[in-house]
Amino acid sequence: MMSETADLSATAAEKTKSDAVQEPRNWPRAGLSLFFLVLFSIGQSLFFALALVQMVWFLVQRAPNPFLSRFGPSLGQWLGDASRFIYHDTEEKPFPFKAWPTINTDA
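Residues numbered from 1 in each chain as written. Predicted model: local features only at pLDDT ≥ 70, side-chain atom pairs only at ≥ 80, totals over all residues. Heavy atoms only, no water.

**What about the overall build of the protein chain?**
- Secondary structure summary: the protein chain contains three helices and zero strands in total.
- The linear arrangement of helices and strands in the protein chain, starting from the amino end, is α-α-α.
- Counting all 107 residues of the protein chain, 18% fall into the buried class.
- Accessible surface, the protein chain as shown: approximately 8200 Å² in total, 66% of it carbon and sulfur. (Helix = DSSP H or I, 4+ residues; strand = E, 2+ residues; numbered from the N terminus. Buried < 20%, exposed > 50% of the residue type's maximum accessible area, 1.4 Å probe, protein only. Areas by Shrake-Rupley, 256 points an atom, 1.4 Å probe, with all protein chains shown as cover.)

**A word on the packing of aromatic side chains**
- All told, the structure shown has seven aromatic pairs when counted by the stated rule.
- Where Phe-67 meets Phe-71, the ring centres are 5.7 Å apart and the plane angle is 5 degrees; that geometry is what we call stacked. Note that Phe-67 and Phe-71 are positioned in helix H3 (residues 66-86) at a spacing of four residues, about one turn of the helix.
- One aromatic cluster is present, formed by Phe-67, Phe-71, Trp-78, Phe-95 and Trp-100 through successive ring pairs.
- It is Arg-29 that lies over the ring of Phe-85; its NZ or CZ is 3.7 Å from the centre.
- Sitting over the ring of Phe-97, Lys-93 keeps its end group 5.9 Å from the ring centre. (Phe/Tyr/Trp six-rings, centres within 6.5 Å; stacked < 30°, edge-to-face > 60°. Lys NZ or Arg CZ within 6 Å of the ring centre and 35° of its normal.)

**As for a nonpolar patch on the surface**
- A surface patch of nonpolar side chains, about 720 Å² in accessible area, is lined by Phe-48, Leu-52, Met-55, Val-56, Phe-58, Leu-59 and Val-60.
- Positionally, Val-56 belongs in helix H2 (residues 26-61). (Patch = residues over 30% accessible without salt bridge, like charges linked within 9 Å, V, L, I, M, F, W, Y side chains within 5 Å. Salt bridge = Lys/Arg side-chain N within 4 Å of Asp/Glu carboxyl O.)

**Here's the deal with the pattern of salt bridges**
- All chains considered together, the criterion is met by four salt bridges.
- The shortest N-O distance in the salt bridge between Lys-98 and Asp-81 comes to 4.0 Å. With a gap of 17 residues between them, Lys-98 in the segment after H3 and Asp-81 in helix H3 connect regions that are remote in the sequence.
- By relative accessible area, which is 12% here, Asp-81 ends up buried.
- The partner of Glu-92 in a salt bridge is Lys-98, and the shortest N-O contact between them spans 3.0 Å.

**A word on the nonpolar core**
- Among the nonpolar cores identified, the biggest contains eight residues, and these are Phe-36, Phe-40, Leu-75, Trp-78, Leu-79, Ala-82, Phe-85 and Ile-86.
- Of all the secondary structure elements, the ones that give two or more residues to this core are H2 and H3.
- In terms of residues, this core owes the most to one element, H3, which gives six residues.
- Leave out the neighbours within four places in its chain, and Ala-82 touches Phe-40 and Pro-94. (Core = buried A, V, L, I, M, F, W, Y, C linked by side-chain atoms within 4.5 Å. Contact = heavy atoms within 4.5 Å.)

Note that all results are geometric; they support no functional claim without further evidence.
Right under this line is the structure:
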């Protein structure tokens, strides 16, 4: 009796997984996740490179670069937005499907 129930549960679970993979609405979402995963990787590299530039700029000029001081946090916000989309925490697509994030630095 237990074996029959377990077999039925396993079959139902396999069918559910198979249906989910073949459901057409899942493929565009998966494609967008892959698209943002590639952009996320590029964004991480850019974030790292600009942080190094900001560090060198600060050492040479003795003051931070004002553009990088504004752009860095907004890039960080975009990376967070993209990761939330990739991990299905939200269905809201980040830039380029909405405006670039702005950070209010008037604190």
